[in-house]
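Spelled out, the chains give:
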Amino acid sequence: MTNEAIPNLTAFDDTALDKAFAALEAQARESAAGLDSEADVEAFRLEWLGRKQGRLNEVSGRWLKAAPPEAKKALGVRFNALKEVVEGLLDAALAGGPGDAALKAEAIDITLPGTRRLTGAEHPITRTMNEIVGVFAALGYSVGVGPEVETDYYNFESMNFPPGHPARDTQDTLVVAGQDRKPLRDRLLLRTHTSPVQMRTMEQQPPPVRIVIPGKVHRNDAADATHSPIFHQVEGLCVDANITFSDLKGTLDHAMKALFGSAVKTRFFPSFFPFTEPSADVQISCIFCGGKGCRKCKQSGWIELLGCGMVDPAVFAFAAEKQPAYDAKQISGFAFGMGVERIAMMKYGISEIGSFFAGDMRFLSQFV
Ligand code: PHE
C-alpha cells in the first residue's frame, strides 16, 4: 500500500472537491483490494481510520480547516461519503477473510488423493482384558489398579512368600538394580503378578471387598510361542463373612461360561500358591474339540486356564496390620488370577504370543 500523502487543497468548488475525493476513494479501494492477512486489514484500518494518524483524520484536519465557510458543507458531505466507503471496505475485508493471494495459496487441488486417517481400535489384549473385567463388573465387582514397579513386600512378603522361600523361585523376577542397601522389603522389582494389588486394596478398605485388577506383569522368562517376559493378568479378590470354596467355584464357572460360551465346563485341580489355601488350578473343557481330545488340549479334553484359592489366613494377618477387620476368624475370601494373553490366544485362535507385541498392522487390523 503506497498512498500518497494528503495534498493541500487550494480550490474548493464542487469540481475540485469531487476530483480530490475521487482520488482518495480510488486509493482506498486499491489498498483494500490487496489485503491478504489479518495484519494487513488492521494496517488498512489504522492507515485510513486511525484516530491520530489516519488519513481521514488528516483530511478533516487539513481540508475542513482550510475550507472557506461556504464550502464546508459540500466538503463535509463528501467527507462523510468517503468515510462510509472506507468503513464499508474495512467491513468487507473483515467479513471476507483473506484476499486473492491468500486464497490462491490456500487453494486445494481436489483431484489429489486424500490423506487417509486410520480409525484406531482397541488392542486385542485391551479388548480381552476389558471383556474379562466386564464379566466381573456385572457381578458387582469394582476395578482396581496398582503399580508395575512394586516393592518386595507387596509382591512377595505380604503374599506369604517369606524371604528366601523356594516359592519365590516359581516367579523369576526382574529387580531394579542398585538397592542392596535398602531393607529387602523396600527393594523395588517389576511385579511378577497382580496379586500385590490384593494387599494394597485390603490396606485401603475394610471388608467386604469384591475387586478385579487388570494389569501388566513381568517375568524373567525366555520368549517362546507361549511365553513372553511381559504379559497381562486379571486378578480377582472377594472377601466377606462366610465366603466359601463353593462361591469361588460358582463365580469362576460362571465367568468361564461368560467368556467361552455356556457349553464350557470347569474343573478344579489341587495346586499350590503361597497366598491361597487350599489352592486350585481351573481347567475348562477344550473349546476346540468340546472335550473329546485334540492336539490343542493334548488329547486330554481339558485346558488349564487360571489359578485360584481361598485367601490364606497369613495374608489376612498382613492386611490386618493396617485394617484390623481382616480377622481370619471373622471373614474369609477367595482370590484368582488369570493370564490375559492365554485367554485372548484361545478366543481368537492365535498361536504365537509374540504377535500381540510385534506391532504388525496386518495382525492388529484384524481386530478392528
Ligand atoms: N498370582 C498367581 C500367578 O501369577 C495367580 C493367582 C492369583 C493364584 C490369585 C491364586 C490366586 O500365578
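Predicted model only: the values in this text are computed from it and were never measured.

The rules behind each value
- Residues numbered from 1 in each chain as written.
- Predicted model: local features only at pLDDT ≥ 70, side-chain atom pairs only at ≥ 80, totals over all residues.
- Heavy atoms only, no water.
- Domains from an automatic or database assignment.
- Phe/Tyr/Trp six-rings, centres within 6.5 Å; stacked < 30°, edge-to-face > 60°.
- Buried < 20%, exposed > 50% of the residue type's maximum accessible area, 1.4 Å probe, protein only.
- Near = heavy atom within 4 Å.
- Polar contact = N/O pair within 3.5 Å; in protein donor to acceptor, adjacent residues only side chain to side chain.
- Areas by Shrake-Rupley, 256 points an atom, 1.4 Å probe, with all protein chains shown as cover.
- Helix = DSSP H or I, 4+ residues; strand = E, 2+ residues; numbered from the N terminus.
- Nonpolar A, V, L, I, M, F, W, Y, C, P; charged D, E, K, R; others polar.
- Disulfide = S-S within 2.5 Å.

Colleague: Looking at this structure, how should I read the domain arrangement of the chain?
Modeller: Much of the literature gives interface size as the accessible area that the parts lose upon coming together. Under the domain assignment used here, the chain contains domain 1 (14-106) and domain 2 (124-367). Spacing between the C-alpha centres of domain 1 and domain 2 amounts to 78 Å.

Colleague: What should I look at first to understand the packing of aromatic side chains in this one?
Modeller: Given two aromatic rings, their pairing is described by the distance between the two centres and the angle made by the two planes. For the structure shown, the criterion picks out 16 aromatic pairs. Taking the centre distance of 5.3 Å and the plane angle of 75° together, the rings of Tyr 153 and Tyr 154 count as edge-to-face. The burial state of Tyr 153 is the same as that of Tyr 154; both residues are buried. Pairing Phe 156 with Phe 161 gives two aromatic rings, centres 5.1 Å apart and planes at 70°, and the pair type is edge-to-face. An aromatic cluster of at least three residues, connected via ring pairs, comprises Tyr 348, Phe 356, Phe 357, Phe 363 and Phe 367.

Colleague: Explanation requested: the site of the ligand in the structure shown.
Modeller: Close contacts around the ligand come from 15 residues, with His 193, Ser 195, Arg 219, Gln 233 and Phe 336 the closest. Here Arg 219 contributes a side-chain N or O atom positioned 2.9 Å from an oxygen atom of the ligand. Out of a free accessible area of 320 Å², the ligand has 92% covered by protein chains. Those elements giving two or more residues to the shell around the ligand turn out to be strand 5 (230-240), strand 8 (302-311) and strand 9 (332-339). With 3 residues, strand 9 is the largest single contributor of residues to the shell around the ligand. Here the shell around the ligand is composed, by residue class, of 5 nonpolar, 8 polar and 2 charged.

Colleague: Quick question: what am I supposed to make of the state of the cysteines here?
Modeller: Cysteine pairs can be covalently joined through their sulfur atoms, and such a bond is termed a disulfide. Per the counting criterion, the structure on display carries 0 disulfides. Considering cysteine sulfurs only, Cys 286 is the nearest to Cys 289, which forms no disulfide, with 3.6 Å between them. For Cys 289, a relative accessible area of 13% corresponds to the buried category.

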